[in-house]
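# Architecture and fold: a report
Below are the chains, spelled out letter by letter.
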Amino acid sequence: MDKLEEQLKIDAERIDVEVSDELDRRILASLHSAAPVAQKSITVARRSRLFWWASSLTGLAAAFAIIAVFNTFSAIDELSEPLAGLSTVGDSLSNSIAPTLGPPIDWKAESAMLTQPLQQEMLDVQSDIKKAERRVREDIGL
Amino acid sequence: MLTDEAKLIVAAQAGSVAAFANLVGRYRVKLLRFLLTRCANFADAEDVLQETLTAAFRYLHSYDSRWRFSTWLYRIAIRNAQKMRSDLVVDLGDEVNDVIDETSNPLTDCIAASETENLWISARRVLNDDVFAALWLRYAEDMSISDVSKALERPDSWTKVNLYRARKALSVELKRESDGAIACG
């Protein structure tokens, strides 16, 4: 303890204070009139084991539902690729995959008609394939 | 095994006024001395002491035995003293300065005249309320840094820094006073 601490302690003791009898009586009177606040009963709701099972099962069901929805959308994406060559998509797509995937899904998509340039392109490709096929037949002597 | 204080606390928690009076008997004078440093006058300090003990009795069930009982009591006392001061400000508005004379100090009435000035009077003059309280609790009440922090609802770092500053400020003040005394002598 250094000098300052020692001096502070001594000086604190030099502050001469006492509780008067009157104050004592006042304090006792207020203590008698002040009833302790009743301790609130701590009610930690103990949950039954059934609750934990129920919440676990609910969580698992939710997880399966999310996985199922995710897989459904993936299947639709895969199925939609071979259908790209069709002249219409949307309703026809829903109709074509509906039997395998359950109830039809409302895509809220309008049927898109292929425009003339695209159709022309497809005809050109088919023509090129035919020409190539003919050339191959000639080359092998058929 | 329960200490005497712990036994008294248990009995007081069960509603025994006698046990509570016995329990706080050893703290009453110390608390009143401390409250004198935070109140405008002796009567206010007495009122705050009464309110503090009554509140402690009423809410004794919320006392956490991990704390020292004295720390818990001082915390209530500090809150009540602050409340009384703020109530006074609300009630009196601008006139509060006429009632609370910052230069007056109820401590001086309780200190016998002596050649050297009491250090706590100097401390009251140079330190603000909370720093003064930290210094008091640490050196007059022998509380640990952790207990001082709990009583003042401050982090330990605040207490350490401000105790260091308070000691430094007091040392400067003491040196200034001793230099002045030498010059006058």
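Everything numeric here is computed off the predicted structure, so don't read it as measured data. The numbers attached to residues start from 1 for each chain and follow its sequence in the written order. Chain labels run from A onward and ligand labels from 1 onward, assigned in the order the entries are written. Local features in this predicted model are restricted to residues whose pLDDT is 70 or higher, and side-chain atom pairs enter the listing and the counts only when it is 80 or higher, whereas totals over whole chains, interfaces and linings include all residues. The side-chain values count all of the structure's non-hydrogen atoms but skip hydrogen atoms and water molecules.

When helices and strands are tallied, chain A shows 5 helices and 0 strands. Numbered from the N terminus, helices here are DSSP runs of H or I no shorter than four residues, and strands are runs of E no shorter than two. When its helices and strands are written in sequence order, chain A yields α-α-α-α-α. Accessibility here uses a 1.4 Å probe with only protein chains present; expressed as a share of the type maximum, an area under 20% marks a residue as buried, one over 50% as exposed, and anything in between as partly exposed. Going through the 142 residues of chain A one by one, you find that 13% of them count as buried. For the area figures, the Shrake-Rupley method with a 1.4 Å probe applies, and any residue is considered shielded solely by the protein chains shown. Taken as a whole, chain A presents about 11600 Å² of accessible surface, with 60% of it coming from carbon and sulfur.

Position of B:Ile145 among the secondary structure elements: in helix H10 (residues 145–152). Between the C-alpha atoms of B:Ile145 and B:Trp158, which are 13 residues apart in sequence, the distance is 9.9 Å.

Before going further, it helps to spend a moment on the interface of chain B and chain A. A contact between two residues is defined here by any heavy atoms of the two lying within 4.5 Å. Listed as interface residues are 38 residues of chain B and, on the opposing side, 30 residues of chain A. Note on definitions: buried area is the accessible-area loss of two parts on being combined, 1.4 Å probe, summed for both. Interface area for chain B against chain A, summed over the two sides, is near 3100 Å², with a carbon-plus-sulfur share of 62%. Criterion for a salt bridge: a side-chain nitrogen of Lys or Arg within 4 Å of a carboxyl oxygen of Asp or Glu. Summed over the shared surface of chain B and chain A, the number is 5 salt bridges. For this analysis, a polar contact is any N or O atom pair within 3.5 Å, provided that within protein one partner can donate a hydrogen and the other can accept it, and provided that sequence-adjacent residues contribute only side-chain to side-chain pairs. Remark: the boundary between chain B and chain A carries 12 residue pairs in polar contact (both at pLDDT 80 or more). Contributions of two or more residues to the side of chain B that touches chain A are made by helix H2 (17–25), helix H3 (28–36), helix H4 (42–58), helix H8 (119–126), helix H9 (129–140) and helix H11 (156–184) of chain B. For the side of chain B that touches chain A, the residue count by class is 22 nonpolar, 8 polar and 8 charged. Throughout this entry, Asp, Glu, Lys and Arg are counted as charged residues, while Ala, Val, Leu, Ile, Met, Phe, Trp, Tyr, Cys and Pro are counted as nonpolar. The remaining residues, Gly among them, count as polar.

On the surface, A:Lys130, A:Lys131, A:Arg134 and A:Arg135 cluster together into a patch of positive charge. Assignment of secondary structure puts A:Arg134 in helix H5 (residues 116–139). For patch building, the residue pool is restricted to those with more than 30% relative accessible area and no salt bridge; the joining distance is 9 Å between like charges and 5 Å between nonpolar side chains (Val, Leu, Ile, Met, Phe, Trp, Tyr). In this charge count, Lys and Arg are treated as positive and Asp and Glu as negative; neither His nor the chain ends contribute. All charge positions are set by atom: Lys at NZ, Arg at CZ, Asp at CG, Glu at CD.

All right, on to the nonpolar core then. Most often, soluble globular proteins have nonpolar side chains that are buried together. Residues belong to one nonpolar core when they are buried, are Ala, Val, Leu, Ile, Met, Phe, Trp, Tyr or Cys, and are joined through side-chain atoms within 4.5 Å. In this structure, B:Phe20, B:Leu49, B:Phe69, B:Trp120, B:Leu135, B:Trp136 and B:Leu137 are the most contacted members of the largest nonpolar core, which totals 62 residues. Excluding residues within four positions of it along the chain, B:Phe69 makes contact with B:Glu5, B:Ile9, B:Phe20, B:Leu23, B:Val24, B:Tyr27, B:Leu60 and B:Tyr63.

With 80% of its residues at a pLDDT of 70 or more, chain B has an overall mean of 83. Scoring of the predicted complex yields 0.60 for pTM and 0.77 for ipTM. Values of pLDDT, the confidence the predictor places in each residue, fall between 0 and 100.

This part covers the packing of aromatic side chains. Each pair of aromatic rings taken from Phe, Tyr and Trp, with Trp reduced to its six-membered ring, is defined by centres within 6.5 Å and is described as stacked if the planes are under 30 degrees apart, edge-to-face if over 60, and tilted in the remaining cases. The full count for this structure, using the stated rule, is 10 aromatic pairs over all chains. Ring geometry for A:Phe51 against A:Trp52: centres 5.2 Å apart, planes inclined by 80°, an arrangement best described as edge-to-face. On the basis of an interplanar angle of 25° and a centroid distance of 6.3 Å, the ring pair of B:Phe132 and B:Trp136 is categorised as stacked. Residue B:Phe132 and its partner B:Trp136 are located together in helix H9, separated by 4 residues, close to a single helical turn. Residues B:Phe132 and B:Trp136 agree in their burial class; the two are buried. Three or more aromatic residues joined by ring pairs form one cluster here, namely B:Tyr27, B:Tyr63, B:Phe69 and B:Trp72. The criterion for a charge sitting over a ring is simple: Lys NZ or Arg CZ within 6 Å of the ring centre, and within 35 degrees of the ring normal. Lying across the ring of B:Phe132, B:Arg124 places its NZ or CZ 4.9 Å from the centre.

Turning our eyes to something else, we now look at the pattern of salt bridges. Summed over the entire model, instances satisfying the criterion amount to 16 salt bridges over all chains. When the shortest N-O distance is used, the salt bridge between B:Asp147 and B:Arg68 registers 3.4 Å. You can see B:Asp147 sitting in helix H10 and its partner B:Arg68 sitting in the loop between H4 and helix H5 (69–92), a full 79 residues away along the chain. One salt bridge in this structure joins B:Glu173 and B:Arg125, with 2.9 Å as the shortest N-O distance. One end of the pair, B:Glu173, is in helix H11; the other, B:Arg125, is in helix H8, and 48 residues separate them in sequence. For B:Arg125, a relative accessible area of 45% corresponds to the partly exposed category. In the salt-bridge network here, residues are joined through shared partners; they are A:Asp2, A:Glu5 and B:Arg167.

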